[in-house]
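Structural description and commentary
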Amino acid sequence: MKIVELTAVQSTVSAFLIPLMEKLHEEGNELYVITSDPEGKLAENTQISRICEKIINLDIPRSVSPVRMLKAYRKLKTIFKEIKPDIVHTHTPAASVISRIAAKKSGIRKIFYTAHGFYFHENMGTLKYKLFFGIEKFLAKKYTDLIFTVNEEDRKTAIDNGFLPAEKIINTNSVGIDTKWKFNPERFDNTAKAKIKKSLGIGDEFVFTFTGRLVREKGVFELVEAYAKLCADMKNTKLLIIGETLKTDRDKNVRELLEKIVSENEIHDRVLFLGQREDIPELLSITDAFVLPSYREGMPVAPLEAMSMGVPVIGTDIRGMREEIIEGKNGYLIPLYDTISLYNMMTKIVLEHSKMIEFSRENTSKNFDMNNIVNKQIKFFQRAEYEKNM
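Summarised in this report is the structure supplied together with it. (Residues numbered from 1 in each chain as written. Predicted model: local features only at pLDDT ≥ 70, side-chain atom pairs only at ≥ 80, totals over all residues. Heavy atoms only, no water.)

A closer look at the overall build of the protein
Scanning the protein for helices and strands turns up 16 helices and 13 strands. Since a compact globule built from 390 residues should have a radius of gyration of about 21 Å, the 21 Å found for the protein is in line with a globular shape. The principal-axis extent of the C-alpha atoms belonging to the protein is close to 65 × 45 × 40 Å. Here the protein, with 390 residues, has 56% of them falling under the buried criterion. Here the contacts in the protein between residues at least 6 apart in sequence split such that 69% fall between residues at least 24 apart. For the protein, the accessible surface area stands at approximately 17,700 Å², while carbon and sulfur atoms represent 50% of it. Looking at charge distribution, the protein has the averaged site of its 58 positive side-chain charges lying 7 Å from that of its 54 negative ones. (Helix = DSSP H or I, 4+ residues; strand = E, 2+ residues; numbered from the N terminus. Rg over C-alpha atoms; globule rule 2.2 N^0.38 Å. Buried < 20%, exposed > 50% of the residue type's maximum accessible area, 1.4 Å probe, protein only. Contact = heavy atoms within 4.5 Å. Areas by Shrake-Rupley, 256 points an atom, 1.4 Å probe, with all protein chains shown as cover. Lys, Arg positive; Asp, Glu negative; His and termini not counted. Charge placed at Lys NZ, Arg CZ, Asp CG, Glu CD.)

Structure below.
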């Protein structure tokens, strides 16, 4: 079959979709990627370029922009008519709005949608929630043949509210983690970990780590404020902040503001801003506890990567995180926006993290392994091929 993978930003492809695309390629499918990639980063990725027939750069807005959305919609219809794909598989909210409509109007036979966390969520204002809920339901019923959710909570919401029949709404249970190799703590012995620590100027300190985009909704301000309070009580700790603000993010000066908090609390030597990194498994191998006080997620990948490495997690009590963290066994849940609760749990996990290491690793390997998630999705692509050939 000809299959289009479509997303607003190229990083979604490189971060989440390669395992699925590899499997689809192995089964003889012809793959196309449509995404915003003006710098051509995907074409430079030999793994992606090897399995793709074509990578198409298209300006797809990440937020509501009527003019840009209409322009992208028109271009998509032209592209679909040229490729004539059997399946269009969409990701990311705004891109999935215009692409599903364009695909249906272009006569595409099957339209799959992976909701990496529905845009509406429990902590959204009532009117805004109803608006985005209504949009998702309308698009599901009219322009979608199959929905993959990344958590059970979204699946249940979609089924209970009649988005599609239950058999057409599938929970993949995250996008999957490479627990066998990439995020396997057995890859790193004490010598390797000592070398990594030395390169960062870390000794025997307890290491907290955050990985994610530097935007307010990831809870980074609460994290740094809680850590500043922790530093007053515990001297032997470090905080690694990994990630940066993307060009397409609305927040622009987050790092500058965080560095100001660090400066005001005189903890420059305790907080390391590492920027965007490719060596996440290495950094997690020296991490004792992972922290993600995010406001909104679908099924966050970063905590699963940490837990796969045997690192317990502190996360907010939100959709997705509730399915990853089993209280007291592989981490703790805290209320949103609550710096004091975060401080208390960071203090607690310093004392209790060692008893959570084994379960963190075992639970992630059992329930969130990449191969299991990919195989769950592949069945539906195979079914679409069978129906095509009937």
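Focus on helix α4 (residues 66-83)
For α4, spanning 18 residues, the distance from its first C-alpha to its last is 25 Å, which sits close to the expected 26 Å at 1.5 Å a residue. Within the sequence span of α4, burial applies to Met69, Ala72, Tyr73, Leu76, Ile79, Phe80 and Ile83. Each buried residue of α4 lies within a common arc of 135° when the element is viewed along its axis, so the set occupies one face. Residues of α4 that are exposed and point over 90 degrees away from its buried face: Val67, Lys71, Arg74 and Glu82. (Expected span 1.5 Å × (residues − 1). Arc of directions from axis to C-beta.)

With respect to the packing of helix α9 (residues 220-233) against helix α10 (residues 254-264)
At a minimum axis distance of 10 Å, the contact between α9 and α10 shows a crossing angle of 15°. Judged by the angle between their axes, α9 and α10 are roughly parallel. Handedness of the crossing formed by α9 with α10: right-handed. Residues Val220, Phe221, Val224 and Glu225 of α9 form the contact with α10, whose own contacting residues are Val254, Leu257, Leu258, Ile261 and Val262. Of the residues belonging to the contact of α9 with α10, the class tally is eight nonpolar, no polar and one charged. (Axes fitted to C-alpha atoms, helices over the stretch in contact; angles between N-to-C directions. Parallel < 35°, antiparallel > 145°, perpendicular 65-115°, else oblique. Left-handed = near helix turned anticlockwise from the far one by under 90°. Nonpolar A, V, L, I, M, F, W, Y, C, P; charged D, E, K, R; others polar.)

Section: the sheet that holds strand β5 (residues 110-115)
Spatially, the seven strands line up as an open sheet ordered β3-β2-β1-β4-β5-β6-β7, and their pairing is parallel. Of all the strands in the sheet, the pair left with one neighbour each is β3 (52-57) and β7 (169-171). Each strand axis lies, on average, 20° off the axis of its neighbour in the sheet, ignoring direction. Pairing geometry for strand β4 (residues 87-90) and β5, over four bridges, is parallel. Residue pairing in the sheet places Thr90 in a bridge with Tyr113 of β5. On the sheet, helix α1 (residues 10-26) packs against β1 (2-9), β2 (30-36), β3 and β4 and is oriented at approximately 165° with respect to β1. (Pairing = 2+ DSSP bridges.)

Concerning the environment of Ile326
Mapped onto the fold, Ile326 is located in the loop between α13 (321-324) and β13 (331-334). Residue classification places Ile326 among the partly exposed positions, given a relative accessible area of 33%. A sequence separation of 33 residues divides Ile326 from Phe359, and the C-alpha atoms of the two residues are 9.7 Å apart. Not counting residues up to four positions away in its chain, the partners in contact with Ile326 are Gly331, Phe359 and Asn363.

Observations concerning unusual backbone geometry
Most peptide bonds take the trans configuration, and most residues that are not glycine carry a negative phi. Backbone geometry places Thr92, a non-glycine residue, at a positive phi of 70°. Thr92 gets classed as buried once you look at its relative accessible area, which sits at 18%. For Asn173, which is not glycine, the phi dihedral falls at a positive 65°.

Some details on the pattern of salt bridges
Under the defined criterion, the tally for this structure stands at 19 salt bridges. A salt bridge links Arg50 to Glu22, with the shortest nitrogen-to-oxygen separation between them at 2.6 Å. Note that Arg50 is positioned in helix α3 (residues 46-51) and Glu22 in helix α1, a separation of 28 residues in sequence. According to the relative accessible area criterion, Glu22 is buried, its value standing at 14%. (Salt bridge = Lys/Arg side-chain N within 4 Å of Asp/Glu carboxyl O.)

Re the sheet that holds strand β11 (residues 289-292)
Here six strands make up an open sheet; going across it, the order is β10-β9-β8-β11-β12-β13 and the pairing parallel. If you trace the sheet from one side to the other, it starts and ends with β10 (271-275) and β13, each paired once. Taken pair by pair, the neighbouring strands of this sheet meet at an average axis angle of 20°, ignoring direction. Across three bridges, the pairing between β11 and strand β12 (residues 313-316) is parallel. Bridge assignment links Phe290 to a residue of β12, and that residue is Val313. With respect to the sheet, helix α12 (residues 301-308) is in contact with β8 (206-211), β11 and β12, its orientation differing from that of β11 by roughly 170°.

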